[in-house]
Protein chains: 2
Amino acid sequence: MAESMKGLKRSNRCTEIGVENVGQVVTVMGWVQKRRNLGSLIFVDLRDRSGLLQIIFDENDIGKEGFEKAYGIRNEFVIAVVGQVEKRSGAVNENLATGEIEIRATQLRILSESETPPFPIEENSNVKEELRLKYRYLDLRRPDLQNNLIMRSKVATLTRLFLANEGFLEIETPMLTKSTPEGARDYLVPSRVHPGNFYALPQSPQLFKQLLMCSGYDRYMQIVKCFRDEDLRADRQPEFTQIDMELSFVDIDDVIEVNERLLAHVFKEVIDVDVQLPIQRMTWQVAMDRFGSDKPDLRFGMELKDVSNIVKDCGFVVFTGALENGGSVRGINANGQGAMPRKKIDALVEFAKGYGAKGLAYIAINEDGTFKSSFGKFMTEDEMQALIDAMEGKPGDLLLFSSDKNKIVWNVLGALRVEIANSLGLLDKNIFEFLWVTEFPLLEFSEEENRFTAMHHPFTMPMEEDLDKLESDPGSVRAKAYDIVLNGTEIGGGSVRISQNHIQEKMLELLGFTKEDAYERFGFLLDAFKYGVPPHAGLAYGLDRMVMLMAKKDSIRDVIAFPKIKDATCLMTDAPNVVDAKQLKELALEIIEK
Amino acid sequence: MAESMKGLKRSNRCTEIGVENVGQVVTVMGWVQKRRNLGSLIFVDLRDRSGLLQIIFDENDIGKEGFEKAYGIRNEFVIAVVGQVEKRSGAVNENLATGEIEIRATQLRILSESETPPFPIEENSNVKEELRLKYRYLDLRRPDLQNNLIMRSKVATLTRLFLANEGFLEIETPMLTKSTPEGARDYLVPSRVHPGNFYALPQSPQLFKQLLMCSGYDRYMQIVKCFRDEDLRADRQPEFTQIDMELSFVDIDDVIEVNERLLAHVFKEVIDVDVQLPIQRMTWQVAMDRFGSDKPDLRFGMELKDVSNIVKDCGFVVFTGALENGGSVRGINANGQGAMPRKKIDALVEFAKGYGAKGLAYIAINEDGTFKSSFGKFMTEDEMQALIDAMEGKPGDLLLFSSDKNKIVWNVLGALRVEIANSLGLLDKNIFEFLWVTEFPLLEFSEEENRFTAMHHPFTMPMEEDLDKLESDPGSVRAKAYDIVLNGTEIGGGSVRISQNHIQEKMLELLGFTKEDAYERFGFLLDAFKYGVPPHAGLAYGLDRMVMLMAKKDSIRDVIAFPKIKDATCLMTDAPNVVDAKQLKELALEIIEK
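Small disclaimer: the values here were computed from a predicted structure and weren't measured.

### Structural notes on the interface of chain B and chain A
Reasoning step 1: Contacts between the two partners involve 123 residues from chain B, matched on the other side by 123 residues from chain A.
Reasoning step 2: When chain B packs against chain A, the two sides together hide about 11,100 Å² of surface, and 59% of this comes from carbon and sulfur.
Reasoning step 3: Counting the contacts that link chain B with chain A gives 14 salt bridges.
Reasoning step 4: On the surface where chain B and chain A come into contact, there are 65 residue pairs in polar contact (both at pLDDT 80 or more).

### Some points on the sheet that holds strand β14 (residues 361-365) of chain A
Residue and element names in this part refer to chain A.
Reasoning step 1: Across the sheet, which stays open at both edges, the 5 strands sit in the order β12-β13-β16-β14-β15 with antiparallel pairing between neighbours. In the strand order of this sheet, the two ends are held by β12 (305-306) and β15 (371-373), each with one partner.
Reasoning step 2: Inspection of the sheet shows strand β13 (residues 328-334) paired to strand β16 (residues 398-404) by 7 bridges, in the antiparallel sense. Paired with Ala334 across the two strands is Leu398, which belongs to β16.
Reasoning step 3: Packing of helix α12 (residues 406-423) onto the sheet brings it into contact with β13 and β16, and relative to β13 it is tilted by some 5°.

### Considering unusual backbone geometry
Reasoning step 1: Leu277 of chain A connects to Pro278 of chain A through a cis peptide bond whose omega is -5°.
Reasoning step 2: Within the secondary structure, Pro278 of chain A is located in the loop between α6 (252-271) and β11 (281-283).
Reasoning step 3: Phi is positive for Glu392 of chain A, close to 50°, though the residue is something other than glycine.
Reasoning step 4: Here Glu392 of chain A is to be found in the loop between α11 (381-390) and β16.
Reasoning step 5: With phi around 55°, Asp272 of chain B is a residue other than glycine that occupies positive phi space.
Reasoning step 6: Along the chain, the position of Asp272 of chain B falls in the loop between α6 (252-271) and β11 (281-283).

### Section: the packing of aromatic side chains
Note on aromatic pairs: each is described by the distance of the centres and the angle between the planes.
Reasoning step 1: Overall, the coordinates contain 40 aromatic pairs over all chains when judged by the stated rule.
Reasoning step 2: A centroid spacing of 5.3 Å and a plane angle of 80° characterise the contact between Phe459 of chain A and Phe522 of chain A, whose relative ring orientation is edge-to-face. Of this pair, Phe459 of chain A sits in the loop between β19 (451-454) and α13 (469-472) while Phe522 of chain A sits in helix α15 (residues 515-528); the two residues are 63 residues apart in sequence, bridging distant segments of the chain.
Reasoning step 3: Accessibility expressed as a relative area gives 0% for Phe522 of chain A, which makes it buried.
Reasoning step 4: Arranged with centres 5.8 Å apart and planes meeting at 70°, the rings of Phe267 of chain B and Phe432 of chain B form a pair that is edge-to-face. In this pair, Phe267 of chain B is assigned in helix α6 and Phe432 of chain B in the loop between α12 (406-423) and β17 (434-438), connecting sequence segments 165 residues apart.
Reasoning step 5: Since its relative accessible area comes to 12%, Phe432 of chain B is described here as buried.
Reasoning step 6: Ring pairs connect the aromatic residues Phe316, Phe319, Phe375, Phe378 and Phe401 of chain A, which therefore count as one cluster.

### A word on empty space enclosed by the protein
Reasoning step 1: Summed over the entire model, instances satisfying the criterion amount to 16 cavities of 30 Å³ or more.
Reasoning step 2: Computed from the structure, the largest cavity encloses a volume of approximately 280 Å³.
Reasoning step 3: Along the wall of the largest cavity there are 20 residues; nearest its centre are Ile223 and Val224 of chain A together with Ile223, Val224 and Lys225 of chain B.
Reasoning step 4: Broken down by secondary-structure element, the contributors of at least two residues to the lining of the largest cavity are β9 (219-227) of chain A together with β9 (219-227) of chain B.

### Examining the UniProt feature "binding site: L-aspartate" (unreviewed entry) in chain A
All names here are of chain A.
Reasoning step 1: Feature annotation in UniProt places "binding site: L-aspartate" (unreviewed entry) on Glu182, Arg228, His456 and Arg497, given in this structure's numbering.
Reasoning step 2: Here His456 lies in the loop between β19 and α13.
Reasoning step 3: His456 has contacts with Ala481, Gly493, Gly494, Ser495 and Arg497, leaving out every residue within four places of it along the chain.

### Some thoughts on the relation of the copies chain B and chain A
Reasoning step 1: Between chain B and chain A, the superposition needs a rotation of 180° and an axial shift of 0.0 Å, giving an RMSD of 0.1 Å. Taken together, these values place the two copies in the relation of a two-fold axis.
Reasoning step 2: Residue by residue, 100% of the interface of chain B is reproduced at the interface of chain A, so both copies engage with the same surface.

### Considering the environment of Glu20 of chain B
Residue and element names in this part refer to chain B.
Reasoning step 1: Relative to the assigned elements, Glu20 resides in the segment before β1 (25-38).
Reasoning step 2: When its relative accessible area of 60% is taken as the criterion, Glu20 is described as exposed.
Reasoning step 3: Each C-alpha atom, one on Glu20 and one on His457, is 59 Å from the other, the two residues being 437 residues apart in sequence.

### Thoughts on the nonpolar core
Reasoning step 1: Of all hydrophobic cores here, the largest spans 129 residues; its most connected members are Phe267, Phe434, Phe522, Tyr541 and Met546 of chain B.
Reasoning step 2: The dominant element in this core, judged by the number of residues it contributes, is α6 of chain B, at 11 residues.
Reasoning step 3: In terms of nonpolar packing, the next biggest core, distinct from the first, is built from 128 residues, Leu158, Phe208, Ile243 and Val258 of chain A among them.

How each quantity is defined
- Residues numbered from 1 in each chain as written.
- Chains lettered and ligands numbered in written order.
- Predicted model: local features only at pLDDT ≥ 70, side-chain atom pairs only at ≥ 80, totals over all residues.
- Heavy atoms only, no water.
- Contact = heavy atoms within 4.5 Å.
- Buried area = accessible area lost by both parts, 1.4 Å probe.
- Salt bridge = Lys/Arg side-chain N within 4 Å of Asp/Glu carboxyl O.
- Polar contact = N/O pair within 3.5 Å; in protein donor to acceptor, adjacent residues only side chain to side chain.
- Pairing = 2+ DSSP bridges.
- Helix = DSSP H or I, 4+ residues; strand = E, 2+ residues; numbered from the N terminus.
- Axes fitted to C-alpha atoms, helices over the stretch in contact; angles between N-to-C directions.
- Phe/Tyr/Trp six-rings, centres within 6.5 Å; stacked < 30°, edge-to-face > 60°.
- Buried < 20%, exposed > 50% of the residue type's maximum accessible area, 1.4 Å probe, protein only.
- 1 Å grid on protein atoms, 1.4 Å probe; cavity = no way out; pocket = protein on both sides within 12 Å on 5 of 7 lines; lining within 4 Å.
- Points joined across faces, edges and corners; volume = space filled by probe spheres on them.
- UniProt positions renumbered as here; feature names shortened; annotations may be inferred.
- Least-squares fit on C-alpha atoms with pLDDT ≥ 70 in both.
- Core = buried A, V, L, I, M, F, W, Y, C linked by side-chain atoms within 4.5 Å.

Here it is as structure tokens:
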């Protein structure tokens, strides 16, 4: 039977006690991590969010009844202990913040008992994630998860304070709103008052923050939930959190400047990492050419090389065919991987196919300078040597080539590069390599829809230098868009927005919007643009991803208190779930049974 | 045609320039509040979120082309101006922060033109709210709304920082979750992956924050959107914002202590109001008896008096009948209102009926000591005098009586008291009277459902003193619940939570939950309670209401950037709206046509 804490007041958290408190009487409360008997004594490791503290129960101090109570303690009981701080009688535990001291208990209350938990509450537990997520309230007791969430809280607090000091106002935008033009699928919320009508949950506060700029708020920020009903991919959540901002009367450099200082501040304060400023910048074109990715991981080299010129007259039709189709032939040099077993190389070929490659050509250079190659028989020895030279191939290297349309070649080699680096252990989580990627294409041509789509979103400003190509060659127009990349992950992105009506109209026309469509979807923004728009630009970070990298984790689920799994369900609450017929009737909805 | 700001960089916001800058060249950007010609000069009042600044265009400084451009400026154009700061040549404008200076323009760019707005952008505009909300992006330019949102941002920032320093962690709880037992109607979100299943948007993070306490997070806070699909009342929004918190190893006084310091800090820093600590406390019973309300407005007196004993044997059957039915007779004394015209008194009677009264008895005491009364003929002169004495009625006073069940009498007189005070101008928005109301009843008996319902919510701890009455007399059990009231508005509330399984089970039983029901709805919380629960308590503020009072406004719409109107629609975006048939099909939903 649980006791009340009435009359007791916690004096310290577990690790807020040290040798300086020896002799004092303290009151501590927390969970029992471990209880063990040693001779006539009972030892308890008491746990709270700050860490562990050792308690000693001695019948001479606490009396018979108290000692018996202590004897009944089990793991995860919640207890309150009054006792005196003393230097450890046994060996100092250097793994504990409180390793030099212990509490000699004079009072004990069992505030709450506990059944045996379905898995032990300990760091780096090896328990299946499904079980951990079902009992998330227990999983969240583990010190590694606690540290992640404490870190996340710190990131949010420091970010807000930094931005407040930079003149940003925190302004809340609506959650129940209208479908926004981000392009992903909206989560809908049926209206009861207006049957047959629906709100949409925001994919981002994009339109609202632009309106706030039109309204003169100058600098806006918000840490805000966004929602996308996307097809299920590895590490996505139906709801995710953005650090969102927008600034007026600025250009790219102004946005980058304040954000670099923000990043440096947060990384220094939270994980003691020095971010070298200015963060290097790379155009999208260079990023693709060198790394096959618009979010290059700069922790390692293995850069792409364009060998189209070298192979353009060779006898290997896979190469020459790709070039004739307007594509390219590019390669990467996996230094020192020349002895990779055939089975592993085959696995890489399969991996490449997953990214759209028809195959993958390779040259494995032996230590003696001879080589094995998947396409050697189609090339002369000189052609082969020229290719190896172009790739700076040395004995022991493995050269991998992809030939296809540029987009596929980039995708394949970009992914392969990371895959190989990962298998070689080059992705060191203790290194933080930041990069701005700039000058993204404004538009992407969608073969599927046979029209241009916005690479960033329809409100992104073209580069002034390219404005005259909007009409003549829209595909080549670059945008005033920028992404901030950390270790190969895009942690944020943004753009200068269009603030001139005639450019916005042209952009919407290029995207295939009729005037009616455009007004139907975001007429209020187009209307707002009639009444004086300041130049403005913004950026949004994915907080989940950013904290995941800071915490050196592989999944955003490790930095979210109550995450959902791949199929968008919550294993703890069983959401989503069925609802009463009455609720559906109120919403004038009927479920179509299959 | 709009010009680019390329090559220009804003040096200061409008009011960041003063006499100390005289002689300097500055670059300012903003909206044209007003343009007027005076002789050979053009004067422009430039506006940004900081305030107004006067610009002078003189052809001698800016040249012919620049001057002509300035001549074309209209209200709400967005312009950039480079110029020299000088002391005002004309009279100093003491209404302006920048009233001593002006900018003599040497460069002008028109960054964006503006059509004539549908209403003027000025403080305390008299425009119909519907029009303001349709053009909210223009309405938000008005200085009073800007000040409100800037204040709101400041409140949020200060609150977060204060709580972070007190050891609170900001932890995000899910938006897409399971129906919670708050009792109001949930907003539902259909699942596409699991057709026929729905998420609910949270009415509050109640269950999740209790789980976080079970998980050892110790102190949690969040400023978070909550959702209630309620029937439409005056000043409610479908989505509203809570400052939400929960604390472990605490009792009522601990929660109150940290919150009093929070309130004092925020009110001092934001609106320079000194909150006297400790804030006074009043039990629910006393609040009802003295003020007829569980959220008494203490800015004025006019307290209720129970005169049941005085009239118990009188001849007026309305009074005696109420007493016989277990009710009471109570009155208020509207000092000095004895000469209120009959028509006004009739209006008060009608007002009272709106609160469930069958009528309203009154005695209007003339200056000469005689009186008019609605029930004088049913009472002896002595009885009448005793009643007047009990009410401390003096010449010129108006005494108003209600007789019915206590609940109705309280409601009627509580509302009447505020209504009369309002008509007398006693509700001074510059006075801030705080009050904790404590010891709420745990349960309310619902005649409608013929069962007890939770007054606060099902997880509220009964007072230890009353635990033994849970079985024998549940209606009389008081809860460890507390509300914080400001000027008659509940701005926050909370409770100590049940942390003991057997009490939680008893409570759910009293509320009529079967064990299956309870597990179906929040089994994960009941399960969590099996594994060691700390004593915990929490509180949530309505941020919208709190800021509304701080900003001295009458509607929360004035402190929300993009509010909805009574029928839960947004006049600016037209949300909610119809969606594509394809979207509904993906959700396996069909609209039932009427």
